[in-house]
Amino acid sequence: MTSNTTKEKDRSEKTDNMPIGLVKPCTKTESLGKRIAELIPGGVNSPFRSFHEVGGQAIFLDRGKGSRVFDVDGNQFIDYVGAWGPAILGHAPQAVIDAVKGTIDKGPLFGAPHELELRLAETLVEALPSVDMVRFVNSGTEAVMSAIRLARGYTGRDKVIVFEGCYHGHSDSTLANDRIKHSSGVPDGFAGSSIQAEFNNLASVEECLEKHSGEVAAVILEPVTGSMGVIEPHPDFLPGLRSLCTKYDALLIFDEVLTGFRLAWGGAQNLYGVEPDLSTFGKTLGGGMPIGAYGGRREIMNCLMPIGKVYQAGTFSGNPLTMAGGLAILGELKNKQIYQTLENRAKRLFSGLERVLEQIEQEQGKRPPIQLQRVGSMFTVLFVEAPVKNFNDARKIDEKLFAKFFHHCLEGGVYLPPTAVDAACLSSEHSEEDIDRTIEVMGAGIRSIFE
Ligand SMILES: Cc1ncc(COP(=O)(O)O)c(C=O)c1O
């Protein structure tokens, strides 16, 4: 046995024996938290990593392995943030680590075509009937920004229909009307070119298309939402959007940055059998390496420079390390029936939580105002009376109750996204024991709130 594998074995044995939850005092976390807040705004490089919605100091992580993350003070948590989506095989998956290690020695970056980007493009095109060609970029934001520019260039139209509460990253044109992550610094002009419709409401889309007939380049949406609670589209919603876009000559763009290769092989478009004109990907696709991708029909993609007139570029786009990470994770996802495992675990979690809610209802004569909403391995526990089907419903979610629940879970060793609405993500490394422990911790949290 090499010294490296001995170290890994030692580490996992230590991990198995470590208690779960906020057991050790967080002295190092507090001290590093104060130092980082002096140097990086809010102490984070992306706002929702901070605990500003739930209160308190964000946990400061040292490492992750499988379903667990470990903080700098030695506390261990069952993780459902999943790196905000990408960690579908859990943390530090061996296949990705081996692929990246095997690639870096040849040089991390060339700025010229190489075989790994060809192979990843082939895998995507094979997985997705709607995609003939693809471009790789470095983040989901870049993928969406580029897809929208391409749609505008292809159609010669400026307006884009977006849905209230859908998140598409932080580019100006999609942030302009974002009422959750509303930002100053976005010129008013951007708001004028994006028109808002209501999720799960085809009539609201048709009204916009009719009102702006001949001006709409694209309709863009998350086919399953992840930032206003996990909302499944009504059965007629995605097919209806497909027909409306064809009728009004607008492109349909599925933003599959979160859902792509997480909900199913390919993504939501394969799960629901609806083909968009363009799609965006990111997160899971890179195996933890920074990635974005967009793709679609050949005649649209060929509008990109150097063939066509739409500009998009990037020094790090398609870099070998990211491509190697992507090939490794897709190889695992394709060959190991991961989606069935994820579905089984998610079902187990939700039936356990449902049992807790039923028991409380029997004892107290009233069901706690909680909606359990999930599609595949994306889930949310929403503190609200009625099912959330669109942004108006999501606005009724009680953030204060969620904050209590969040901290109860954290203390018990269950780490959730620190916001009341963002999708929690399961990985194939969450064992049945992890799930049962999670039900216990979450159940006790719910009881403590509604007693
Ligand atoms: C649906 C969706 N689109 C786009 C993005 C932006 O991706 P990134 O954070 O990689 O820029 C996200 C990120 O959360 C997302 O969930």
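Here the structure is shown first, and the text comes after it.
Fair warning: this is a prediction, and the values are worked out from it, not measured in the lab. (Residues numbered from 1 in each chain as written. Predicted model: local features only at pLDDT ≥ 70, side-chain atom pairs only at ≥ 80, totals over all residues. Heavy atoms only, no water.)

> Which parts of the structure should I look at to understand the packing of aromatic side chains?
Both the distance between ring centres and the angle between the ring planes are used here to describe each pair of aromatic rings. Counted by the stated rule, this structure contains 14 aromatic pairs. Look at phenylalanine 383 and phenylalanine 405: their rings are 5.2 Å apart centre to centre, the planes differ by 55°, and that puts the pair in the tilted class. Of the two residues, phenylalanine 383 is situated in the loop between strand E12 (378-382) and helix H14 (391-394) and phenylalanine 405 in helix H15 (residues 399-411); the sequence distance between them amounts to 22 residues. Taking the ring centre of phenylalanine 70 as reference, the NZ or CZ of arginine 63 above it sits at 4.1 Å. Sitting over the ring of phenylalanine 350, arginine 374 keeps its end group 6.0 Å from the ring centre. (Phe/Tyr/Trp six-rings, centres within 6.5 Å; stacked < 30°, edge-to-face > 60°. Helix = DSSP H or I, 4+ residues; strand = E, 2+ residues; numbered from the N terminus. Lys NZ or Arg CZ within 6 Å of the ring centre and 35° of its normal.)

> Could you clarify how one ought to interpret the site of the ligand in this entry?
Taken together, Ser139, Gly140, Thr141, Tyr167, His168, Gly169, Glu222, Asp255, Val257, Leu258 and Lys283 form the complete shell of residues around the ligand. In this structure, a nitrogen atom belonging to the ligand sits 3.5 Å away from a main-chain N or O atom of tyrosine 167. At a separation of 2.9 Å, an oxygen atom of the ligand approaches a polar side-chain atom of lysine 283. Taking 390 Å² as the accessible area of the ligand by itself, protein coverage stands at 81%. Its residues assigned to classes, the shell around the ligand shows three nonpolar, five polar and three charged. (Near = heavy atom within 4 Å. Polar contact = N/O pair within 3.5 Å; in protein donor to acceptor, adjacent residues only side chain to side chain. Areas by Shrake-Rupley, 256 points an atom, 1.4 Å probe, with all protein chains shown as cover. Nonpolar A, V, L, I, M, F, W, Y, C, P; charged D, E, K, R; others polar.)

> Could you clarify how one ought to interpret the packing of helix H8 (residues 202-211) against helix H9 (residues 237-247) in this entry?
The description of two packed helices rests on the angle between their axes and on the distance between the axes. Between H8 and H9, the shortest axis-to-axis distance is 10 Å and the interhelical angle comes to 10°. Taken together, the axes of H8 and H9 are roughly parallel relative to one another. Our pair here, H8 against H9, has a crossing hand that is right-handed. Between H8 and H9, the residues in contact are Leu202, Val205, Glu206 and Leu209 and Phe237, Gly240, Leu241, Leu244 and Lys247, respectively. Partitioning the contact of H8 with H9 into residue classes produces six nonpolar, one polar and two charged. (Axes fitted to C-alpha atoms, helices over the stretch in contact; angles between N-to-C directions. Parallel < 35°, antiparallel > 145°, perpendicular 65-115°, else oblique. Left-handed = near helix turned anticlockwise from the far one by under 90°. Contact = heavy atoms within 4.5 Å.)

> I'm lost on helix H3 (residues 94-104) in this one. Help?
Three- or four-residue spacings in an α-helix give side chains the same orientation, since the helix completes a turn every 3.6 residues. Taken together, the buried positions of H3 are occupied by Val96, Val100 and Thr103. Looking down the long axis of H3, one finds its buried residues gathered within 65° of arc, a one-sided arrangement. Exposed side of H3, more than 90 degrees from the buried face: Lys101 and Gly102 are the residues found there. For H3, the elements touching its buried residues are helix H4 (115-127) and helix H12 (320-335). (Buried < 20%, exposed > 50% of the residue type's maximum accessible area, 1.4 Å probe, protein only. Arc of directions from axis to C-beta.)

> How do you make sense of the nonpolar core when you look at a structure like this?
Soluble globular proteins tend to pack their nonpolar side chains together in the buried interior. Phe163, Phe261 and Phe405 are the most contacted members of the largest nonpolar core, which totals 101 residues. The two domains that each donate at least three residues to this core are domain 1 (3-92 + 337-450) and domain 2 (94-335). Non-local contacts of phenylalanine 405, meaning those with residues more than four positions away in its chain, are made with Val381, Phe383, Leu416, Met442, Gly445, Ile446 and Ile449. (Core = buried A, V, L, I, M, F, W, Y, C linked by side-chain atoms within 4.5 Å. Domains from an automatic or database assignment.)

> Would you take a moment to explain the sheet that holds strand E11 (residues 371-375) for this structure?
What holds strands together in a sheet is hydrogen bonding between their backbones, with the strands either parallel or antiparallel. Spatially, three strands are ordered E11-E12-E14 in an open sheet, and the strand pairing comes out antiparallel. Whereas interior strands pair on both sides, the edge strands pair on one side only; in this sheet they are E11 and strand E14 (424-425). Here two bridges tie E12 to E14, and the two strands are oriented antiparallel to one another. Its bridge partner lying in E14, methionine 378 is registered against cysteine 425. Against the sheet, helix H13 (residues 338-364) engages E11 and E12, with an angle of about 170° to E11. (Pairing = 2+ DSSP bridges.)

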